[in-house]
Amino acid sequence: MNDALHDLPPGIAQAQAAELVAESIVVQFQGLMAISDVSLKVERHEIFGLIGPNGAGKTTLVNCLTGFQRPSTGRVLLAGEDTTGWRPDKFRKQGIARTFQAGRLFRDMTVAENVEVTALGLGMSRRAAHEHAMAMLAWVGLADKADAVAGTLPYTDERRVGIARAMVMSPAFVLLDEPAAGMSDAECDDLMHTIVAIPKEFTCGVLLIEHNMGVIMGVCDRIHVLDGGRTIAQGLPAEIRSDANVISAYLGMEG
Amino acid sequence: MKSGTRPSLVRRFWPLVALCLVVTAIVALGSLGNDELQVTITEMMIRLVVVVGIYLFIGNSGILSFGHIGFMCIGAYAAAWATVDPTWKQMMLTGLPDFLQNNQYGFLPAVAGGGLLAAFVALLLGSAIMRLSGIAGSIATFAFLAIVQSVYSNWESVTAATSSIIGVPTVVGPWVAWLFAIGALVLAYVFQISRFGLMLRASRDDEVAAKSSAVGIVKVRLIAFVVSAFIVGVAGALYAHFLGILTADTFYLSLTFVTLAMLVVGGVGSLTGAVTGVIVVTVVVEVLRHMEAGVAVGATNLHLPQGSQEIGLGIIMALVMIFRPSGLARGREVPWPFTPAARRAKVPAV
């Protein structure tokens, strides 16, 4: 355990929620069914894989779980509490963090400031936020780029800053939307070492969206497969690997 | 400096110090000149307060506001209500509440009142429109400007409508205006490097990512809107006590255009840009104005046609937008002068 990551100022509590549940989520965009009746449960200690072909509804589901998309019907429960009506900043304050496929760094700000913003949003003082941000950057291996302008970072570093930003003040759950997209195998390996460490290092559940089947099978405790907005399989990696539906819908596609 | 260490206090406040020194130098030099120059310098300092106030909101939030001159109008009238001679008010402004109609207050309480009334109106307006993003928010601020204009030019018993409020004590000269300019610079800079400034700029760079970083966007925008309206309201009060006469027309489209032009020419992304814009545009407009009036060359008097000021300003804006789209200051603050040149390129804007 790296203590610098967990030294929070007095009066600032780490998020405590134990499970994140999606209950019969339906999302409809003007008649188009993006997600139909999907339920899942992520626990605090695990890495939960969410996979499926393009357009399967993975990102839409993550948007529901972080307050960016309101389900047409169904609920999201954090430790049993109904989150309906929470705004995205409230989700983050209650301990659900996320990253974005597009990176979405604050481009004109420094790398350190990018991470500090979350700490400030969560109520830390300016000084404490800076120290905490530096500890987070050291954790993802970017301490030496703290003063660089975020817009000048290479792609792989952008992703790492996004993860550092999400992990500020140890959220209860972090939702990583294709963090390794576009990376080489070696870069991807590197990143997965960081991600695998999250549950132990931060006592934080991880929901991981990823296309690379090898990666998913290697790091996930449980896997949930979506296709066309529906759940087609869920279970342990070994079960998913041999599931006939998954093979035809998803693995078959990859040749 | 080691990467990631927090810069020293002196270094963090260097851009502010540098800007204050420049502004002070301009006023000190101007105070040696003739009366006409003193008037120009005073007006420039008042506009600096306005533009810095507008910058505090637009620069940090990224939302263009066309409505801030409305706050200037509110501040100007509020201050005039306080300082004009009661006998005149009892005759002309019969709709004023007793405490204003029958009393005469000093300059400073009047300025404070002007700023506070503008801030209060901003709180009400902002609570409604800070939820809007992009062009919708900007149009709403423009509607606000039109409403203020319409109310202040028709409310006979309170604003004297199309006739003017006269007899506002003209107590604002270069050094009084300078004092408020410094105050506005300090307030804007402290806000910018504060936690609220950082969170607001995050929402400017990426609204979605800011929300997911636990930033309550409506709240931080509203704080900036209210502080910025306060500064602009104070500027309005100063302007009233500089002109001595108030008409609502003063606070409408042409002043909105000039102040936004200053901000855009200097660069909306930094306080240095706001100050640069005020200085450059003032100089350009003054030069063109003199040339409109005519310059004697030998026996002939050469002069530019009327309207050259506006055309010239338009051309300058176009050129700046073509060659420096982010303004003369390029969104950066005054750099720390003791960093080796090789490293300077890497030092980020505050």
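Residues numbered from 1 in each chain as written. Chains lettered and ligands numbered in written order. Predicted model: local features only at pLDDT ≥ 70, side-chain atom pairs only at ≥ 80, totals over all residues. Heavy atoms only, no water.

1. Digging into the overall build of chain B
Step number 1: Across its full length, chain B carries 17 helices and two strands.
Step number 2: A globule of 350 residues ought to have a C-alpha radius of gyration of about 20 Å, and chain B, at 21 Å, matches this closely.
Step number 3: Residues counted as buried form 51% of the 350 residues belonging to chain B.
Step number 4: At a minimum sequence separation of 6, the contacts of chain B that also span at least 24 residues come to 75%. (Helix = DSSP H or I, 4+ residues; strand = E, 2+ residues; numbered from the N terminus. Rg over C-alpha atoms; globule rule 2.2 N^0.38 Å. Buried < 20%, exposed > 50% of the residue type's maximum accessible area, 1.4 Å probe, protein only. Contact = heavy atoms within 4.5 Å.)

2. Considering the packing of aromatic side chains
The description of an aromatic ring pair rests on the distance of the ring centres and on the angle between the ring planes.
Step number 1: What the rule picks out here adds up to 16 aromatic pairs over all chains.
Step number 2: Ring geometry for A:Trp139 and A:Phe202: centres 4.8 Å apart, planes at 80 degrees, overall edge-to-face. Remark: A:Phe202 occurs in helix α8 (residues 198-202) and A:Trp139 occurs in helix α5 (residues 126-139); sequence separation between them is 63 residues. This pair shows no difference in class: A:Trp139 is buried, exactly as A:Phe202 is.
Step number 3: A ring pair is formed by B:Trp14 and B:Trp336, whose centres lie 6.0 Å apart and whose planes are at 85 degrees; its orientation type is edge-to-face. Placement of B:Trp14 in helix α2 (residues 14-30) and of B:Trp336 in the loop between α16 (308-323) and α17 (341-344) is noted, with a sequence separation of 322 residues between them. No difference in accessibility class separates B:Trp14 from B:Trp336, as the two residues are buried.
Step number 4: Following the ring pairs from residue to residue traces out a cluster consisting of B:Phe57, B:Phe71, B:Phe144 and B:Phe225.
Step number 5: The ring of A:Phe100 has A:Arg104 lying over it, and the distance from NZ or CZ to the ring centre is 5.6 Å. (Phe/Tyr/Trp six-rings, centres within 6.5 Å; stacked < 30°, edge-to-face > 60°. Lys NZ or Arg CZ within 6 Å of the ring centre and 35° of its normal.)

3. Things to note about the environment of A:Ala181
Residue and element names in this part refer to chain A.
Step number 1: Topologically, alanine 181 is positioned in the loop between β7 (173-177) and α7 (185-196).
Step number 2: Its relative accessible area of 22% is what places alanine 181 among the partly exposed residues.
Step number 3: Separated by 31 residues in the primary sequence, alanine 181 and alanine 150 have C-alpha atoms spaced 19 Å apart.
Step number 4: Among all residues touching alanine 181, those that are not within four sequence positions of it are Tyr155 and Arg159.

4. Quick look at the interface of chain A and chain B
Step number 1: With 35 residues of chain A at the interface, the matching set in chain B holds 27 residues.
Step number 2: Between chain A and chain B, the buried area comes to about 2,500 Å², and carbon and sulfur atoms account for 58% of it.
Step number 3: A per-residue breakdown of the area chain A buries against chain B is headed by A:Phe106, A:Arg126 and A:Asp147, which together make up 23% of the total.
Step number 4: On inspection of chain A and its partner chain B, the count reaches one salt bridge.
Step number 5: Linking A:Arg104 and B:Asp206 is a salt bridge whose minimum nitrogen-to-oxygen distance equals 2.9 Å.
Step number 6: For the pair chain A and chain B, the number of links is eight residue pairs in polar contact (both at pLDDT 80 or more).
Step number 7: Residue assignment for the side of chain A that touches chain B shows that the elements contributing at least two residues are α3 (88-93), α4 (111-121) and α5 of chain A.
Step number 8: For the side of chain A that touches chain B, a count of residues per class yields 14 nonpolar, six polar and 15 charged. (Buried area = accessible area lost by both parts, 1.4 Å probe. Salt bridge = Lys/Arg side-chain N within 4 Å of Asp/Glu carboxyl O. Polar contact = N/O pair within 3.5 Å; in protein donor to acceptor, adjacent residues only side chain to side chain. Nonpolar A, V, L, I, M, F, W, Y, C, P; charged D, E, K, R; others polar.)

5. Details of the sheet that holds strand β5 (residues 81-82) of chain A
All names here are of chain A.
Step number 1: Across the sheet, which stays open at both edges, the four strands sit in the order β2-β1-β4-β5 with antiparallel pairing between neighbours. In this open sheet, the two strands that pair with only one neighbour each are β2 (32-43) and β5.
Step number 2: Inspection of the sheet shows strand β1 (residues 19-29) paired to strand β4 (residues 73-78) by five bridges, in the antiparallel sense. Paired with valine 26 across the bridge in β4 is threonine 73.
Step number 3: Contacts from helix α2 (residues 58-65) reach β1, β2 and β4 within the one sheet, and its direction differs from that of β1 by about 120 degrees. (Pairing = 2+ DSSP bridges. Axes fitted to C-alpha atoms, helices over the stretch in contact; angles between N-to-C directions.)

6. Considerations on α2(A)
Residue and element names in this part refer to chain A.
Step number 1: Within α2, seven of the eight residues are buried, leaving the element largely enclosed by the surrounding structure.
Step number 2: All buried positions along α2 are accounted for by Lys58, Thr60, Leu61, Val62, Asn63, Cys64 and Leu65.
Step number 3: The first or second residue beyond α2 is glycine 67, which carries a positive phi of 90 degrees.

7. A few points about unusual backbone geometry
All names here are of chain A.
Step number 1: Here arginine 104, not a glycine, exhibits a phi torsion of approximately 55 degrees, which is positive.
Step number 2: With respect to the helices and strands, arginine 104 occurs in the loop between β6 (96-98) and α4.
Step number 3: Assessed through its relative accessible area of 32%, arginine 104 is described here as partly exposed.
Step number 4: Unusually for a residue other than glycine, serine 170 sits at a positive phi of about 45 degrees.
Step number 5: Its place among the elements puts serine 170 in the loop between α6 (155-166) and β7.

8. Looking at the side chain of B:Thr282
Step number 1: Structurally, the position occupied by B:Thr282 is in helix α15 (residues 271-293).
Step number 2: Residues within four places of B:Thr282 in sequence aside, it is in contact with B:Thr40, B:Met44 and B:Met262.

9. Description of the pattern of salt bridges
Residue and element names in this part refer to chain A.
Step number 1: For the structure on display, the rule yields 16 salt bridges over all chains.
Step number 2: Close ionic contact of arginine 75 with aspartate 82 constitutes a salt bridge, the shortest N to O distance being 3.5 Å.
Step number 3: For arginine 75, a relative accessible area of 34% corresponds to the partly exposed category.
Step number 4: What makes aspartate 82 partly exposed here is its relative accessible area of 30%.
Step number 5: Three or more residues are tied together by salt bridges with common partners; here these are Glu19, Lys41 and Glu43.

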